[in-house]
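Chain by chain, the residues run as shown.
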Amino acid sequence: MAGLYVHVPFCAQACSYCDFHFTTQLSDRDAMVNALVAELESMLPEWRDQTFHTLYFGGGTPSVLGPEAIERIAQTAFKNAHWELEEWTLEANPEDLGPAVLQHYRKMGIHRLSIGVQSFDPDVLVWMKRIHGVGRAETAIEDAAQCGFDHLSVDLMYGLPVGFEKRWIQDIEKACELPVDHLSCYILTAEPRTLYGHQLSKGERKEPEEERVVSEYSTLCELSRKAGFEHYEVSNFARPGGRSRHNSSYWEGTPYLGIGPGAHSYKGHTRWWNARSNAQYLKHAAKGTLKEQRETEHLDAAARFNESLITGLRRTEGIDPSVVLSRTGLALNQGVNDAIIRGDCEWVNGRLRIPESRWPMGDSITLGLMR
Ligand code: SF4
């Protein structure tokens, strides 16, 4: 069982907080599609021992490529590997989801759209420099549901330096009223190379108080639960049947192949990744030398142990220590007992997990248990 991730490094506009790998220079779109197809054709023969179950187009904003290019890339993947496709997700900007485009995506077999909304508030959208205007996200979601998409996810952000006091409550309530079965909700982090990072360093903005962020997290947990969502991973919430299978397989340690600039792959005890540069990626794809720009890391037992904790403790199921032991040869250490005494961890049905109330401190709790 494996997953395939295709990274599309283009966005129509740069959001003020984002340091993902993307460019707003769209002139290389056709060359990039050719390069992605070439990488698939060269890599997939090495994955003949695997059956792919999930396909995920992420970015950037994959929807800027349009349906024909997405279909070409996907057909290349389907032709060159063994598939039992359970879930095909496309990340999309609301602006790119007109009714005709939605029908095309549905017809080609996409099951799930992950729509970058971030907020429904006009002032917040302006500060974020989001390309979509007020009301566009709601229309796109309604149209997608009408078109037959049963699985729709929206991304939202909290911990913002802007927005009136009730903004976060209104955003959650609005999202829960819409026909979506999945929410991905992230705390805004200030990255130095972004507009927000510059605003902070120049003193034009202040990061919100930690207390406010924790209170927004509690509000999110409470309102999403009332609306029938299960909090199944630190940042992810699903209605019954709405969990992201592709992302779940990352958290479960399933092999995955990442295609495109900056994309990571994982198989056996090895992880590798492409250069985070469109120019490098395109140059090597054209010369047939993509392997030369890849970096590789062998994961020893301690690295695999730490990875099992980092991914497993982000989930409501937590980790099964016997599975971690069989995969890595390493057992949990004394730190677990101390974490349980502090209330940072708990045992549920033989599995170790971080309680929902402690997830905001999850990274530091996990760090204390690592090798
Ligand atoms: S948040 Fe999404 S749409 Fe905005 S710049 Fe980053 S990848 Fe592009």
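Nothing here was measured: the structure is a model prediction, and the numbers come from that model.

1. Examining helix 6 (residues 167-177)
Arg 167, Trp 168, Asp 171, Ile 172, Ala 175 and Cys 176 are the residues of helix 6 that are buried. Down the axis, helix 6 shows its buried residues gathered within 165 degrees of arc, on one side only. Considering only its buried residues, helix 6 is in contact with strand 4 (112-118), helix 4 (122-128), strand 5 (151-158), strand 6 (182-187) and helix 8 (210-226).

2. Describing the domain arrangement of the protein
When its domains are assigned, the protein resolves into domain 1 (2-250) and domain 2 (301-367). Spacing between the C-alpha centres of domain 1 and domain 2 amounts to 28 Å. Between domain 1 and domain 2, the buried area comes to about 920 Å², and carbon and sulfur atoms account for 49% of it. When the area that domain 1 buries against domain 2 is broken down by residue, the three leading residues are Tyr 217, Glu 233 and Val 234, summing to 46%. Applying the counting criterion to the domain 1 and domain 2 interface returns three salt bridges. In this structure, the connection of domain 1 to domain 2 is made through seven residue pairs in polar contact (both at pLDDT 80 or more). Every element with two or more residues in the side of domain 1 that touches domain 2 is listed here: helix 8 and strand 7 (230-233). Here the element with the most residues in the side of domain 1 that touches domain 2 is strand 7; it accounts for four residues. Counted by class, the side of domain 1 that touches domain 2 contains five nonpolar, two polar and four charged residues.

3. What to know about the layout of surface pockets
Considering only enclosed or pocket space, the second largest pocket measures out at about 160 Å³ in volume. Gly 163, Phe 164, Glu 165, Lys 166, Trp 168, Ile 169, Arg 212, Ser 215, Glu 216 and Thr 219 together form the lining of the second largest pocket. The set of elements that each furnish at least two residues to the lining of the second largest pocket consists of helix 6 and helix 8. For the lining of the second largest pocket, the leading source of residues is helix 8, giving four residues. When grouped by side-chain class, the residues that make up the lining of the second largest pocket number three nonpolar, three polar and four charged.

4. Let's talk about empty space enclosed by the protein
Taken as a whole, this structure holds one cavity of 30 Å³ or more when the rule is applied. Considered as a void within the structure, the largest cavity measures approximately 30 Å³ in volume. Along the walls of the largest cavity sit Val 117, Ser 119, Phe 120, Leu 125, His 132, Gly 133, Val 134, Gly 135, Arg 136, Ala 137 and Glu 138, which together make up its complete lining. No other element matches the three residues that helix 5 (residues 136-146) contributes to the lining of the largest cavity. Along the lines of polarity and charge, the residues of the lining of the largest cavity split into five nonpolar, four polar and two charged.

5. Observations regarding the pairing of strand 1 (residues 2-8)
Most of strand 1 is tucked away, with seven of its seven residues classed as buried. Both faces of strand 1 are covered, namely the face carrying Ala 2, Leu 4, Val 6 and Val 8 and the face carrying Gly 3, Tyr 5 and His 7. Following the chain from strand 1 across helix 1 (residues 29-43) to the adjacent parallel strand 2 (residues 51-59), one finds a crossover that is right-handed. Bridge count between strand 1 and strand 9 (residues 256-259): four bridges; the pairing is parallel. Considered in strand 9, the bridge of Tyr 5 is made with Gly 258.

6. Focus: the pattern of salt bridges
One pass over the full model with this rule turns up 21 salt bridges. Put simply, Glu 216 and Arg 212 hold a salt bridge, and the shortest N to O gap is 3.3 Å. Pair noted here: Glu 216 and Arg 212 are both in helix 8, with a separation of four residues, about one helical turn. Take Glu 216: its relative accessible area is 8%, and that puts it in the buried class. Through salt bridges with shared partners, a single network forms among Glu 230, Arg 243, Glu 252, Arg 315 and Glu 317.

7. Describing the side chain of Ser 235
Residue position: Ser 235 is located in the loop between strand 7 and strand 8 (236-238). Looking at Ser 235, the relative accessible area reads 8%, which means it is buried. Apart from the residues lying within four places of it in its own chain, the contact partners of Ser 235 are Leu 183, Ser 184, Cys 185, Tyr 186 and Arg 314.

8. Describing unusual backbone geometry
Cis geometry marks the peptide bond from Gly 59 to Gly 60; its omega dihedral reads 25 degrees. Turning to its location among the elements, Gly 60 is positioned in the loop between strand 2 and helix 2 (67-79). Not every positive phi belongs to a glycine, and Lys 129 is a case in point at roughly 60 degrees. Note that Lys 129 resides in the loop between helix 4 and helix 5.

So, how was this worked out
- Residues numbered from 1 in each chain as written.
- Predicted model: local features only at pLDDT ≥ 70, side-chain atom pairs only at ≥ 80, totals over all residues.
- Heavy atoms only, no water.
- Buried < 20%, exposed > 50% of the residue type's maximum accessible area, 1.4 Å probe, protein only.
- Helix = DSSP H or I, 4+ residues; strand = E, 2+ residues; numbered from the N terminus.
- Arc of directions from axis to C-beta.
- Contact = heavy atoms within 4.5 Å.
- Domains from an automatic or database assignment.
- Buried area = accessible area lost by both parts, 1.4 Å probe.
- Salt bridge = Lys/Arg side-chain N within 4 Å of Asp/Glu carboxyl O.
- Polar contact = N/O pair within 3.5 Å; in protein donor to acceptor, adjacent residues only side chain to side chain.
- Nonpolar A, V, L, I, M, F, W, Y, C, P; charged D, E, K, R; others polar.
- 1 Å grid on protein atoms, 1.4 Å probe; cavity = no way out; pocket = protein on both sides within 12 Å on 5 of 7 lines; lining within 4 Å.
- Points joined across faces, edges and corners; volume = space filled by probe spheres on them.
- Right-handed = clockwise from strand over helix to strand, strands pointing away.
- Pairing = 2+ DSSP bridges.

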